Amino acid sequence: MVVLAGDLARPARLSVRDLYAWPQHRARVSFECATSGVQHHYFEGPLLHDVLYAAGPGFDPARRKDRLRFLIAVTGADGHHAVLSWGEIDPDFGHAPVLLATRIDDTPLDRAGPQLVLPQDRCGARHISAITAIHVDGHYTSLT
């Protein structure tokens, strides 16, 4: 189960099967893995943006730039973490096709759990297996 939490109107707990409800996108991805070299895989799943947008992020939709202050922290079962900005995945800004993969090389991830897949990344460090939590945060403390 993936826990969607944070600044969301509709926090949720989603299984891989739940993720099949969104349109599935397919991407051929090549990335460099520090331990096993270059990897080539096909991933399929919904866009991270679509899933999080359905959960009702707490930005003001009337203020286009308000969503740019939101961060997305993703955690895997092995403790691996990655952070993305909302601007990276938003269609009006970076429009990166980040997936919550439900399949890898046509193998369902029902038992293993969904994977975070960033097809645009050369390095696989932000690919997270067995996602357990996604936290959306628009109220972090300013660094100034």
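Rules and cut-offs
Per chain, residue numbering runs from 1 following the sequence as it is written. It should be noted that, the model being predicted, local features are given only for residues of pLDDT at least 70 and side-chain atom pairs only at 80 or more, the latter also being counted only at that level, while totals for whole chains, interfaces and linings use all residues. Excluding hydrogens and water, the side-chain values take into account all heavy atoms of the structure. Pairing between strands is defined by DSSP: at least two bridges between them are needed. The secondary structure listing takes helices from DSSP runs of H or I that are at least 4 residues long and strands from runs of E that are at least 2 residues long, numbered from the N terminus. Relative accessibility thresholds used throughout: buried, under 20% of the residue-type maximum; exposed, over 50%; partly exposed, between the two (1.4 Å probe, protein chains only). Pairs of residues are marked as contacts when any of their non-hydrogen atoms sit within 4.5 Å. Note on geometry: axes are lines fitted to C-alpha atoms, helical ones only across the stretch in contact, with angles between N-to-C directions running from 0 to 180 degrees. Each nonpolar core is a collection of buried residues, namely Ala, Val, Leu, Ile, Met, Phe, Trp, Tyr and Cys, held together in the definition by side-chain atoms within 4.5 Å.

## Focus: the pairing of strand β1 (residues 2–6)
Note that β1 and strand β2 (residues 12–14) share 3 bridges and pair antiparallel. Counterpart to L4 in the pairing with β2 is A12. What sits between the antiparallel neighbours β1 and β2 is a turn of 5 residues. Strand direction decides the pairing type here: β1 and strand β11 (residues 131–137), joined by 4 bridges, are parallel. Pairing of A5 across the sheet is with H135, part of β11.

## Section: the side chain of T102
Structurally, the position occupied by T102 is in the loop between β7 (99–101) and β8 (103–104). For T102, a relative accessible area of 0% puts it in the buried group. For T102, the contacting residues outside a window of four places in its chain are V16, L19, Y20, Q24, E44, G45, P46, T107, P108 and L109.

## With respect to the sheet that holds strand β6 (residues 81–85)
Strand order across the open sheet formed by 5 strands is β2-β1-β11-β5-β6, with mixed pairing between neighbours. Either end of the sheet is taken by a strand with one partner, and the two such strands are β2 and β6. Across the sheet, the mean angle from the axis of one strand to that of its neighbour is 20 degrees, orientation sign disregarded.

## Re the nonpolar core
In summary, soluble globular proteins display a tendency toward joint burial of nonpolar side chains. Formed by 26 residues in total, the largest nonpolar core has its most connected members in L4, L48, L52, I72, L116 and I134. Broken down by secondary-structure element, the contributors of at least two residues to this core are β1, α2 (48–54), β5 (71–76), β6, α3 (86–89) and β11. Other than its neighbours up to four places away in sequence, L52 contacts L4, L8, P57, I72, W86, I89, I134 and V136. A27, F31, F43 and L99 belong to the second-largest nonpolar core, a separate cluster that totals 10 residues.

## Examining the pairing of β6
Covered by surrounding structure in β6 are A82 and L84 only, the residues H81, V83 and S85 on the alternate face being uncovered. Note that β5 and β6 share 5 bridges and pair antiparallel. Paired with V74 across the two strands is A82, which belongs to β6. A loop of 4 residues connects β5 with β6, the two strands running antiparallel in sequence, and G79 in this loop sits at a positive phi of about 90 degrees.

## Here's the deal with unusual backbone geometry
Residue D105 is not a glycine yet carries a positive backbone phi of 50 degrees. You can see D105 is positioned in the loop between β8 and β9 (107–108). Exposure remark for D105: the relative accessible area of 34% places this residue in the partly exposed category. Unusually for a residue other than glycine, D106 sits at a positive phi of about 70 degrees. One can find D106 in the loop between β8 and β9. Residue class for D106 comes out partly exposed when judged on its relative accessible area of 48%.

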